[in-house]
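For reference, the chains in residue letters:
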Amino acid sequence: MGRVSGKVVLLTGGAMGLGKAAAKALVAEGAQVVITDIDEDAGRATAQEVGCSFIDQDVTDWDRWLAVIAKIERDHGRLDVLVNNAAITVFGSVMDISVEDFRRCYTVDVDSIFMGCKAAIPLMARSGGGSIVNFSSAAANKPSADLAAYNSAKAAVPMLTKSIALWCAREKNGIRVNSVQPGTILTPNVESVIAGTPDPDATREAFSVAQPVGHMGEPEDIAHLVVYLASDESRFATGAPFIVDGGLSIA
């Protein structure tokens, strides 16, 4: 217990799924967690359940990023950890997806991470450094013909992470920056996708056997990694893509 005791954490997309699991794990280890989400009702419910704070946020809005960071500084005086988790999945091949939807995927999945890092780094540097965790996906390594936008957007995140990590190292501001690449995790979103198929049992089995280990991951599998990256235990790790996908990327 207490692996991140006293650390102030800002976590986007924290209302459900991987964000909620990570927030719960961070709170359990002593962090002061602030979650943000565009879904205000779900965000407030999660904050009450988990025991953290909530701020409504559209992560694609630069001005809102500045306002959220300013509020963190007013309320807590510092920021030690930023977890850029908010994202969307947009389906479609290069011929099926619209230009607008392609751009929307990049705006949410890539631009928001750039803006989050750019907005948070000055406060984190003034706080003595810390850790940034950017969510990518196993889809960054495993292409699908029907995920043109999502595959390419998630592949951009590890490289953006490496560039920011190198800059922070050069500036000697004490900030580490790493990315996380989860495989198929049994979140509420994945459950809804499975339930919406003609044969949910067959879909669940197909999702499971796609991983060499033979099953999907649980949100806690990723939450434990977020705690590690947020803690001082990972002080020598920066610019690294942490792949937790049941072997999907090597199959």
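Residues numbered from 1 in each chain as written. Predicted model: local features only at pLDDT ≥ 70, side-chain atom pairs only at ≥ 80, totals over all residues. Heavy atoms only, no water.

Asker: Any details on the sheet that holds strand β1 (residues 8–12)? Residues and values, ideally.
Answerer: Read across the open sheet, the seven strands follow the order β3-β2-β1-β4-β5-β6-β7; overall the sheet is parallel. Both outer strands of the open sheet, β3 (53–56) and β7 (241–244), are each paired with one neighbouring strand and no more. On average, each strand axis in the sheet is tilted by 20° relative to the strand beside it, whichever way the strands run. Pairing geometry for strand β4 (residues 81–84) and strand β5 (residues 130–135), over four bridges, is parallel. In the strand pairing of β5, Val81 is matched with Ser131. (Pairing = 2+ DSSP bridges. Helix = DSSP H or I, 4+ residues; strand = E, 2+ residues; numbered from the N terminus. Axes fitted to C-alpha atoms, helices over the stretch in contact; angles between N-to-C directions.)

Asker: Residues and numbers for the layout of surface pockets, please.
Answerer: As a volume, the largest pocket reaches approximately 1,400 Å³. For the largest pocket, the lining is made up of 44 residues, of which Ile88, Thr89, Tyr150, Asn189 and Val190 are closest to its centre. Listed by contribution, the elements that provide at least two residues to the lining of the largest pocket are α1 (17–28), β2 (32–37), α5 (148–171) and α6 (188–195). Examining the composition of the lining of the largest pocket, we find that five residues originate from one element, α6, more than from any other. (1 Å grid on protein atoms, 1.4 Å probe; cavity = no way out; pocket = protein on both sides within 12 Å on 5 of 7 lines; lining within 4 Å. Points joined across faces, edges and corners; volume = space filled by probe spheres on them.)

None of this, on its own, says anything about what the molecule does.
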